[in-house]
Amino acid sequence: MTSSTTSYDDVSGLILAGGRGTRMGRVDKGLQPFRGATMAAHVLRRLAPQVRSVTINANRNEESYAALGVAVRADELTGFEGPLAGLQTGLRHCDTDLLVTAPCDSPFLPQDLVQRLREALVTQEADLALAVTMEADETGAAHKQPHPVFSLIRKSALPHLDAYLAEGGRRMDGWHKSIKVAEVLFNDAAAFRNINTLAELQHEEQANGAPTLQDVVSCLSGYDPHAVPVRQAQHIIREFIQPVRAVEKVALRAALGRVLAADIVSPISVPAHDNSAMDGFAFAGDQLDTEHPTTLQAIGAVYAGRPSDLRPERGQCVRIMTGGVMPPGCDTVLPQELAAGITEDSVTIAPRTIKTGDNRRFRGEDLMEGSPALKAGRIVRPADLGLIASLGIAEVAVRRRLRVAFFSTGDELRSIGEPLAAGCVYDSNRYTLHGMLTRLGVELVDMGIVPDDPAALEAALRDACESADAVITSGGVSVGAADYTKQIMATLGDVTFWTIGMRPGRPMAFGKIRSNGHSAFLFGLPGNPVAVMVTFYFFARHALLRMMGASAGDDLLVQARSFGPIRKKPGRTEYQRGILTVNADGAREVRITGSQGSGILRSMSEANCMVVLPDEQGNVAAGDLVDVLLFEGLV
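Counting restarts for each chain, with residues numbered from 1 along the sequence as it is written. Two thresholds apply to this predicted model, a pLDDT of at least 70 for residue-level local features and 80 or more for giving and counting side-chain atom pairs, whereas whole-chain, interface and lining totals are computed over all residues. Side-chain metrics rest on all non-hydrogen atoms present in the structure, leaving aside hydrogens and water.

## Regarding the side chain of D384
Now for step 1: The topology assignment puts D384 in helix α9 (residues 382–390).
Now for step 2: What makes D384 buried here is its relative accessible area of 3%.
Now for step 3: Whenever two N or O atoms come within 3.5 Å, that pair is a polar contact, provided that in protein one can donate a hydrogen and the other can accept it, and provided that, for residues adjacent in sequence, both atoms are side-chain atoms. Within the structure, the side chain of D384 is placed 2.9 Å from the backbone nitrogen of R381, a separation counted as a polar contact.
Now for step 4: Any two residues whose heavy atoms approach within 4.5 Å are treated as being in contact. Those residues in contact with D384 that sit more than four places away from it in its chain are L374, R378 and I379. Each helix corresponds to a stretch of at least 4 residues labelled H or I by DSSP, and each strand to a stretch of at least 2 residues labelled E; elements are numbered beginning at the N terminus. We call a residue buried when its accessible area falls under 20% of the maximum for its residue type, exposed when it is over 50%, and partly exposed in between, using a 1.4 Å probe and counting protein chains only.

## A word on the packing of helix α3 (residues 83–92) against helix α5 (residues 158–166)
When two helices pack together, their arrangement is captured by the angle between the axes and the distance separating the axes.
Now for step 1: Where α3 meets α5, the axes come as close as 10 Å, and the angle between the chain directions of the two elements is 145°. Our pair here, α3 against α5, has a crossing hand that is left-handed. Residues L84, L87, Q88, L91 and R92 of α3 pack against L158, L161, D162, Y164 and L165 of α5.
Now for step 2: In this count, Pro and Cys sit with the nonpolar residues alongside Ala, Val, Leu, Ile, Met, Phe, Trp and Tyr, while Asp, Glu, Lys and Arg are called charged and the others, Gly among them, polar. Broken down by class, the residue content of the contact of α3 with α5 amounts to seven nonpolar, one polar and two charged. Each axis is a line fitted through C-alpha atoms, and for a helix only the stretch in contact is used; angles between axes span 0 to 180 degrees, taken between their N-to-C directions. Definitions for this section: a left-handed crossing has its near helix turned counterclockwise from the far helix by less than a right angle. A right-handed crossing has that turn clockwise.

## Section: the sheet that holds strand β22 (residues 403–409)
Now for step 1: Two strands qualify as a pair provided that DSSP identifies no fewer than 2 bridges between them. Strand order in this open sheet of six strands is β25-β22-β26-β30-β29-β27, and the pairing throughout is mixed. One side of each edge strand has no neighbouring strand; the edge strands of this open sheet are β25 (443–450) and β27 (493–499). Strand-to-strand twist across the sheet, computed as the mean angle between neighbouring axes with direction ignored, equals 15°.
Now for step 2: On the sheet, helix α8 (residues 230–240) packs against β27, β29 (507–515) and β30 (518–525) and is oriented at approximately 15° with respect to β29.

## Section: the environment of I299
Now for step 1: For I299, the location among the structural elements is in strand β14 (residues 294–302).
Now for step 2: According to the relative accessible area criterion, I299 is partly exposed, its value standing at 29%.
Now for step 3: Put simply, I299 and S346 are 47 residues apart on the chain and 8.3 Å apart in space, counted from C-alpha to C-alpha.

## Describing the UniProt feature "binding site: GTP" (unreviewed entry) in the protein
Now for step 1: UniProt positions are given in the numbering used here, feature names are shortened, and annotations may be inferred rather than shown by experiment. UniProt annotation of "binding site: GTP" (unreviewed entry) refers to L16, A17, G18, K29, N57, D75 and D105 when read in the numbering used here.
Now for step 2: Within the element layout of this structure, L16 appears in strand β1 (residues 8–16).
Now for step 3: Residue L16 is classed as buried on the basis of its relative accessible area of 8%.
Now for step 4: Apart from the residues lying within four places of it in its own chain, the contact partners of L16 are N57, P83, G86, L87, T101, A102, P103, C104 and M172.
Now for step 5: Here G18 lies in the loop between β1 and β2 (33–34).

## A few points about the packing of aromatic side chains
Now for step 1: Pairing of aromatic rings covers Phe, Tyr and Trp, the last through its six-membered ring, and needs centres within 6.5 Å; plane angles under 30 degrees mean stacked, over 60 mean edge-to-face, and all others mean tilted. All chains considered together, the criterion is met by nine aromatic pairs.
Now for step 2: Each ring, one from F240 and one from F510, has its centre 5.8 Å from the other, and the planes form 85°; the classification is edge-to-face. With F240 in helix α8 and F510 in strand β29, the pair connects residues that are 270 residues apart, well separated along the chain. Assigned by exposure class, F240 and F510 land together as buried.
Now for step 3: Ring geometry for F510 against F523: centres 5.4 Å apart, planes inclined by 45°, an arrangement best described as tilted. Residue F510 is found in strand β29, and its partner F523 is found in strand β30; the two are separated by 13 residues along the sequence.

## A look at unusual backbone geometry
Now for step 1: A cis amide bond, omega -5°, links V270 with the succeeding residue P271.
Now for step 2: Assignment of secondary structure puts P271 in the loop between β11 (264–265) and β12 (275–276).
Now for step 3: P504 follows R503 through a cis peptide bond whose omega is -5°.
Now for step 4: Here P504 lies in the loop between β28 (502–503) and β29.
Now for step 5: Even without being glycine, E125 reaches a positive phi, approximately 50°.
Now for step 6: Classification of E125 as exposed rests on a relative accessible area of 64%.
Now for step 7: One non-glycine residue, N359, adopts positive backbone phi at about 60°.
Now for step 8: Topologically, N359 is positioned in the loop between β18 (346–349) and β19 (360–361).

## Re the packing of helix α10 (residues 429–440) against helix α13 (residues 529–547)
Now for step 1: In the contact formed by α10 and α13, the axes pass within 11 Å of each other and the chain directions differ by 25°. Between α10 and α13, the angle falls in the class roughly parallel. Note on packing geometry: the crossing formed by α10 with α13 is right-handed. Seen from α10, the contacting residues are N429, T432, L433, M436, L437 and L440; seen from α13, they are P529, V532, M533, F536, Y537, R541, L544 and L545.
Now for step 2: By residue class, the composition of the contact of α10 with α13 is eleven nonpolar, two polar and one charged. For classification, angles of less than 35 degrees are called roughly parallel, those exceeding 145 degrees roughly antiparallel, those between 65 and 115 degrees roughly perpendicular, and all remaining angles oblique.

## Remarks on a negative patch on the surface
Now for step 1: Together, D411, E412, D452 and D453 make up a negatively charged patch on the protein surface.
Now for step 2: Counting through the fold element by element, D453 comes out in the loop between β25 and α11 (454–467).
Now for step 3: Classification of D453 as partly exposed rests on a relative accessible area of 33%. Without a salt bridge and with relative accessible area above 30%, a residue can belong to a patch; like charges are then joined within 9 Å and nonpolar side chains (Val, Leu, Ile, Met, Phe, Trp, Tyr) within 5 Å. For the accessible areas, the method is Shrake-Rupley and the probe is 1.4 Å, while residue cover comes only from the protein chains on display. Just to be clear on terms, a salt bridge is a Lys or Arg side-chain nitrogen sitting within 4 Å of an Asp or Glu carboxyl oxygen. Here the positive residues are Lys and Arg and the negative ones are Asp and Glu; neither His nor the chain ends is included. For the purpose of locating charges, the reference atoms are NZ of Lys, CZ of Arg, CG of Asp and CD of Glu.

Pasting the structure below:
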């Protein structure tokens, strides 16, 4: 593979992504996440620099492929007739003499693919050039392996392809027997390998250095799963979690709360011209007299959104409205309410009322053409919708929504509407999880209540793993919980069980589980209602944001004075429910909601914040400053 890439204006590119995805669980291979992007994105990244333009042949998920910034065309021959149908469509709409093809599942294609195929095509005066490698068979003998999906074809060969397809032919290597073919030998066979199955995809990801949970914890000194500090647990989760990279394009109105998959680059300057910030009079500021009144002749009016040919000379000005384009030579605006005198055709300005350059907005003052307006990873807010609309952008590329499955475990749990037997309680955890997950903007898979039964739990975990990116359970991970819960979780993947140095919420399971070629990150939260919320806010929430591709920073903590004393032993992190108020003097004050038992859900409902007391913190005296996390604003 060469270190540089040559581009050819007479060659168009076609990425073949029109298959049914049967080997990838009915999911398009090209849209599978791979090394920080999708497989199709990797193919595009290598092919695009070699050609004039690239088109993707896809028969579904067109919007997701279009989000890569290229044209997308479906087969014109109906019935999923294989890659030849895509090739036929590509040749029919090719606007160059030559078309090169590559499959969407081969992200390692050579950077000199087009150069070498084109040289052979021209030198041998062929109609088609295809890549060939030498590979060993089972006996070790070398043989020639053609790769017909890596071909360079003259557009003039289209009638031969049409005839072959009309006769019922469908083999990629069968249609070009009636035309002249040039074979090009490439030494790097690995450059042409494709990724056909989920197992192969996982293998490639692991080969690329994706860390295991053991890799992460092995880098930590003094790691003990039975005594994990909060900061260490948060670090492990952050290092182990990988974002889901698939993207889609959505209408601007639908982008609220979604995560931007790419920078929003301004196609225009905002504002597009120097303009007035006020209703008033525009003129050249060097005419102002600092000792005597200045009187200027008004020669006309400039309105926002209306072109004007007015060009005031010395001693002249124009009446201008807010947003009106500044006429040539004008750099200052006098607000009309500051005028010393106004007649039908003149304005008088008192000395030192304004100075040169006042009330003028410069072209590009808000955004300059070509500059990033919003960065990838941003969660789109209402103000962002307005900003993007001001740029004339109707659609944006966003990360696909994260799918999160969640369920509660325990024979004692009952759903709302069911009668309560002795010793039973209503399941509240699913409702708090539903609320917290909804605020994150993820797709929810509510799997209800799973009884304390090994077969039922394993089935639920497998089902959740196969339908979601992340799985959240409540209950079953505490000391004294049935051993089979931990055994099943550990059997299904790379899972660790922690006793975290915190209150409330000490027990927690974390890792990655797998089932039938699918994988999902697992968060096994405690069963006590308050502990569920605390562990979600301070562990799962950050991990899910990272999976969403959001560039979310650390929690925004504010400081407040404690209304009363708080008892606290150093050596563990405590999260106390609090009520934050602002005193008459503007100082923030926080008081604890009362009893802090992990089962008192009412205290979470009454609270508007969490008082965060870190490991090293001891007792708090009344009036001491403490860190506070506000509930409102948490996504």
